Amino acid sequence: MFTKILIANRGEIACRVIATAKKMGIATVAVYSDADKEARHVKLADEAVHIGAAPSRESYLQADRIIAACKQTGAQAVHPGYGFLSENEAFARRVEEEGIVFIGPKHYSIAAMGDKIASKKLANEAQVSTIPGWNDAIESAERAVEIARDIGYPVMIKASAGGGGKGLRVAYSDKEALEGFTSCRNEARNSFGDDRIFIEKFVQEPRHIEIQVLGDSQGNVIYLNERECSIQRRHQKVIEEAPSPFISDATRKAMGEQAVALAKAVKYQSAGTVEFVVGKDQDFYFLEMNTRLQVEHPVTECITGLDLVELMIRVAAGEPLPLTQADVKRDGWAIECRINAEDPFRNFLPSTGRLVRFQPPEESMFQADTAKKLGVRVDTGVYEGGEIPMYYDSMIAKLIVHGQDRDDAIHKMRAALNGFVIRGVGSNIPFQAALLAHPRFVAGDFNTGFIAENYSQGFAAEDVPHDDPLFLVALAAYMNRRYRARASGISGQLAGHHVKVGEQFVVVVMGHEGRNEHHDVSVTDFQEKSGYSAVSVGGNSYQISSAATLGPIRVQGQCNGAGFTAQVERGTPRNPLALRIAHNGTQIDAIVLSPLGARLHQLMPYKAPPDLSKFLLSPMPGLLVDVAVQPGQAVQAGEKLAVIEAMKMENILFATQDGIVGKVVASKGESLAVDQVILEFQ
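Residues numbered from 1 in each chain as written. Predicted model: local features only at pLDDT ≥ 70, side-chain atom pairs only at ≥ 80, totals over all residues. Heavy atoms only, no water.

(A) Local environment of the overall build of the chain. When its secondary structure is counted, the chain shows 17 helices and 39 strands. Seen along its three principal axes, the alpha-carbon backbone of the chain occupies a region of about 85 × 65 × 55 Å. Classification of the 682 residues of the chain by burial places 55% in the buried group. The contacts in the chain between residues at least 6 apart in sequence include a share of 63% that link residues at least 24 apart. Put simply, the chain shows about 28,500 Å² of open surface, and 49% of that area lies on carbon and sulfur atoms. (Helix = DSSP H or I, 4+ residues; strand = E, 2+ residues; numbered from the N terminus. Buried < 20%, exposed > 50% of the residue type's maximum accessible area, 1.4 Å probe, protein only. Contact = heavy atoms within 4.5 Å. Areas by Shrake-Rupley, 256 points an atom, 1.4 Å probe, with all protein chains shown as cover.)

(B) Up close: the packing of helix H5 (residues 107-114) against helix H6 (residues 116-125). With their axes 5 Å apart at the nearest point, H5 and H6 run at an angle of 85° to one another. Taken as axis vectors, H5 and H6 run roughly perpendicular relative to one another. Residues Ala111, Ala112, Met113 and Gly114 of H5 lie in contact with H6, whose contacting residues are Lys116, Ala118, Ser119 and Leu122. For the contact of H5 with H6, the per-class residue count stands at five nonpolar, two polar and one charged. (Axes fitted to C-alpha atoms, helices over the stretch in contact; angles between N-to-C directions. Parallel < 35°, antiparallel > 145°, perpendicular 65-115°, else oblique. Nonpolar A, V, L, I, M, F, W, Y, C, P; charged D, E, K, R; others polar.)

(C) Representation of the sheet that holds strand E36 (residues 649-654). The strand order across the open sheet built from four strands is E36-E35-E33-E38, with neighbouring strands paired in antiparallel fashion. Looking at the sheet topology across the chains shown, the edges are occupied by E36 and strand E38 (671-672). (Pairing = 2+ DSSP bridges.)

(D) Inspection of helix H16 (residues 469-488) at higher detail. Compared with the 28 Å implied by 1.5 Å per residue over 20 residues, the 29 Å span of H16 between its first and last C-alpha is a close match. The buried fraction of H16 is high, at 15 of 20 residues. (Expected span 1.5 Å × (residues − 1).)

(E) Summary view of the sheet that holds strand E12 (residues 236-242). Strands sit in the order E14-E13-E10-E11-E12-E15-E22-E20 across an open sheet of eight strands; the sheet is antiparallel. Looking at which strands have only one partner, the edges of the open sheet turn out to be strand E14 (284-290) and strand E20 (376-380). Mean inter-strand twist for the sheet, computed between neighbouring axes without regard to direction, equals 25°. As paired elements, strand E10 (residues 207-215) and strand E13 (residues 270-278) share nine bridges and run antiparallel to each other. When the bridges of E13 are listed, Ile209 appears paired with Phe276. Where helix H1 (residues 11-23) meets the sheet, its contacts fall on E20 and strand E22 (395-403), and the angle it forms with E20 comes to roughly 115°.

(F) Focus on the side chain of Arg292. Its place among the elements puts Arg292 in the loop between E14 and helix H10 (297-304). A distance of 2.8 Å separates a polar atom in the side chain of Arg292 from a polar atom in the side chain of Gln294. When residues no more than four places from it in sequence are discounted, the contact partners of Arg292 are Gly81, Tyr82, Gly83, Ser86, Glu87, Tyr268, Ala271, Gly272 and Thr273. (Polar contact = N/O pair within 3.5 Å; in protein donor to acceptor, adjacent residues only side chain to side chain.)

(G) Representation of the pairing of strand E28 (residues 554-559). Residues Val555, Gly557 and Cys559 of E28 are buried on one face, while the alternating residues Arg554, Gln556 and Gln558, pointing to the opposite face, are not. As paired elements, E28 and strand E29 (residues 562-570) share six bridges and run antiparallel to each other. Counted as the bridge partner of Gln556 is Thr565 from E29.

(H) Layout of a nonpolar patch on the surface. Together, Leu596, Leu600 and Leu603 make up an exposed nonpolar region whose accessible area comes to about 330 Å². Position of Leu603 among the secondary structure elements: in the loop between helix H17 (595-601) and strand E32 (615-617). On the accessibility criterion, Leu603 (67% relative accessible area) is exposed. (Patch = residues over 30% accessible without salt bridge, like charges linked within 9 Å, V, L, I, M, F, W, Y side chains within 5 Å. Salt bridge = Lys/Arg side-chain N within 4 Å of Asp/Glu carboxyl O.)

(I) Summary view of unusual backbone geometry. The amide bond that connects Tyr153 to the next residue, Pro154, takes the cis arrangement and shows omega of 0°. Within the element layout of this structure, Pro154 appears in the loop between helix H7 (141-151) and strand E7 (155-163). Cis geometry marks the peptide bond from Ala242 to Pro243, where omega comes out at 0°. Its location among the elements puts Pro243 in the loop between E12 and helix H9 (249-265).

(J) Structural view of the packing of helix H3 (residues 63-73) against helix H4 (residues 89-97). The geometry of H3 relative to H4 is characterised by a closest axis approach of 11 Å and an angle of 30° between their N-to-C directions. For the element pair H3 / H4, the angle class is roughly parallel. H3 and H4 meet at a crossing whose hand is right-handed. Across from Ala63, Asp64, Ile66 and Ile67 in H3, the residues of H4 making contact are Phe91, Arg94 and Val95. For the contact of H3 with H4, the residue count by class is five nonpolar, no polar and two charged. (Left-handed = near helix turned anticlockwise from the far one by under 90°.)

(K) Spotlight on the environment of Ala317. For Ala317, the location among the structural elements is in the loop between helix H11 (308-316) and strand E15 (333-340). With relative accessibility at 32%, the residue Ala317 sits in the partly exposed group. C-alpha of Ala317 to C-alpha of Phe102: the two residues are 215 residues apart in sequence and 9.6 Å apart in space. Discounting chain neighbours no more than four positions away, the residues touching Ala317 are Met1 and Phe2.

(L) Representation of the state of the cysteines. Applying the stated rule across the entire model yields zero disulfides. Take Cys302: it sits in no disulfide, and the sulfur closest to it among the cysteines is that of Cys337, at 13 Å. We classify Cys302 as buried; its relative accessible area is 1%. (Disulfide = S-S within 2.5 Å.)

(M) Spotlight on the environment of His107. Here His107 is to be found in helix H5. Separated by 12 residues in the primary sequence, His107 and Val95 place their C-alpha atoms 9.6 Å from one another.

(N) Structural view of the nonpolar core. One finds Ile231, Ile239, Ile396, Leu399, Ile422 and Leu435 to be the most contacted residues of the largest nonpolar core, which totals 40 residues. Among the elements of the structure, E12, E15, E20, E22, helix H12 (406-418), helix H13 (429-437) and helix H15 (450-454) are those that each provide at least two residues to this core. Once residues lying within four places of it in the same chain are set aside, the contact partners of Ile239 are Glu228, Cys229, Ile231, Ile335, Glu336, Cys337, Gln432, Leu435, Leu436 and Phe441. One finds Ile7, Ala21, Leu214 and Val309 within the second-largest nonpolar core, a separate group that totals 32 residues. (Core = buried A, V, L, I, M, F, W, Y, C linked by side-chain atoms within 4.5 Å.)

(O) Spatial organisation of the packing of aromatic side chains. In this structure the tally under the stated criterion is 15 aromatic pairs. When the centroid spacing of 5.1 Å and the interplanar angle of 75° are considered together, the rings of Phe431 and Phe459 count as edge-to-face. You can see Phe431 sitting in helix H13 and its partner Phe459 sitting in the loop between H15 and H16, a full 28 residues away along the chain. Judged by centre distance (5.8 Å) and plane angle (65°), the ring pair of Tyr455 and Phe459 falls under edge-to-face. Exposure class is identical for Tyr455 and Phe459. Each is buried. Connected via pairs of aromatic rings, a cluster forms that spans Phe345, Phe348, Phe431, Tyr455 and Phe459. Its end group placed over the ring of Phe446, Arg207 keeps NZ or CZ at 4.6 Å from the ring centre. The side chain of Arg406 reaches across the aromatic face of Phe441, ending 4.7 Å from its centre. (Phe/Tyr/Trp six-rings, centres within 6.5 Å; stacked < 30°, edge-to-face > 60°. Lys NZ or Arg CZ within 6 Å of the ring centre and 35° of its normal.)

As structure tokens, then:
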């Protein structure tokens, strides 16, 4: 067994590998870029080596520097994690040639299966059912359009070395095929250093189901059941679960055996994933093989009780698999939500910056102890006060729950999301809450088009209807009563002018453009020691009790005998006296006033925000890679104006209405802040 390994990665996966290595008594070496000097994985590792500038192509994609770091520190093996160099055949071969062990498959397996074009050809030779397409690299955008026409729209344009939703577009027309080919090639070149593109038929209404396989150097290969990964946005997975609520035992067995046969054909060693697209009749087609550890591996760990990182390390050290196919368990149900730094209410634009607050829900299941069942697990590479840099992907954390069955897992996940406090950057937690509450998701009735179908116009606060909106109003009144009780108990108050707390309040829920809702609320039978109070609003009664103190954002308690977790904080951008209440993905800003105060508040005029329609503002921090218009140019709605690169993705800004460009304020190559002016219209 190794005594020291180097992790050629960053973020949560580097931290995940370090956790298992520590459990096994193996020393760890981290590598880091300029942007990651203070990162969590650097702090957790036993040693750390600086390998270059912030952009990944100048640091984490620099194979020579990573190999040099191994030699400098005496690391005997390299774990590549996922992304970056994890599926790079040349890197795996170089590592092996230098006498260092690659904790992953052999380079020839990566060459055969990691390359999407080569793997499809091999699958065809092995008589595995594959999707119709053009499996050779395409030399030009014009040729891509010709091929797309021959296959028939819609088609999927994919980078051969792609992954993680990068270098991938779906085209429904010649125009989309032309633009998609160019964008895919640019993204693939920047992210993977390989700009080969191929095209295949896009199967409509498909499910994305993948089989986890595990092989050793003795020729043993097993499959560890499946993962359901159909909840995707722009081909990026959002929620994953194991097992799938869709496939039968017979289909599971057939897919598993086919995945094993494919892995054996390339003498596969280590953990890998065979991805399938599954039709509505459970007919399945080989899609690709990921020759690495997957982002969503924790859900497999939960239902099998296995530590996949440990098994990867043991196999790399030459040990045989410690279990057979008959030993593989399927216990309970696991769900993973990817918590990303993005603003779902602004079309999921990346959100970078400092994590002013980062308080994940309490863990009851730990990274390096997957055998501990039925709980909450958080895999993350960040910490409170740390930065989310613009150079890498947007993941903040992975939130994983393990329940007795699917309903139990959904219930646990909703509670865990309620207790996940993130401030300073935007997060997709409200969107995750909406997905988990959607009737079709709860019923298991979805495919890869689920998000596009149900949120075709983007995501808005109205898309998360609360099952009892008056509970939020009652909670605002309850928390205000606690604040008032504290104020009334402060010593040294002027005689005859003590703070008096009544029982009748008006909760003003702040709406758009000054359209506020007023709710008459009574708060009675307040008991300061037990934290109990009876709250009545709109004919409903809420018996609320909580031990929450006034500082923390997370509030846990009981309402009418059932437990709840919510988030409450004082002060909002619109009003420093307002309370912001969030629960089950729904958020309100409310002011709690006396009846007289509420009447006076209604007399206050509404102050409209300034009109910014004449400006194109940067919707995110990022690099301005292109300005597509000139001063004096007439543009039409839908026309491309600029391109911003952030978190390894190109984001195109389009005109929302017809107009004439007045002046271009920002320059190509400039780093932009949120809401910075790019250009001005006449």
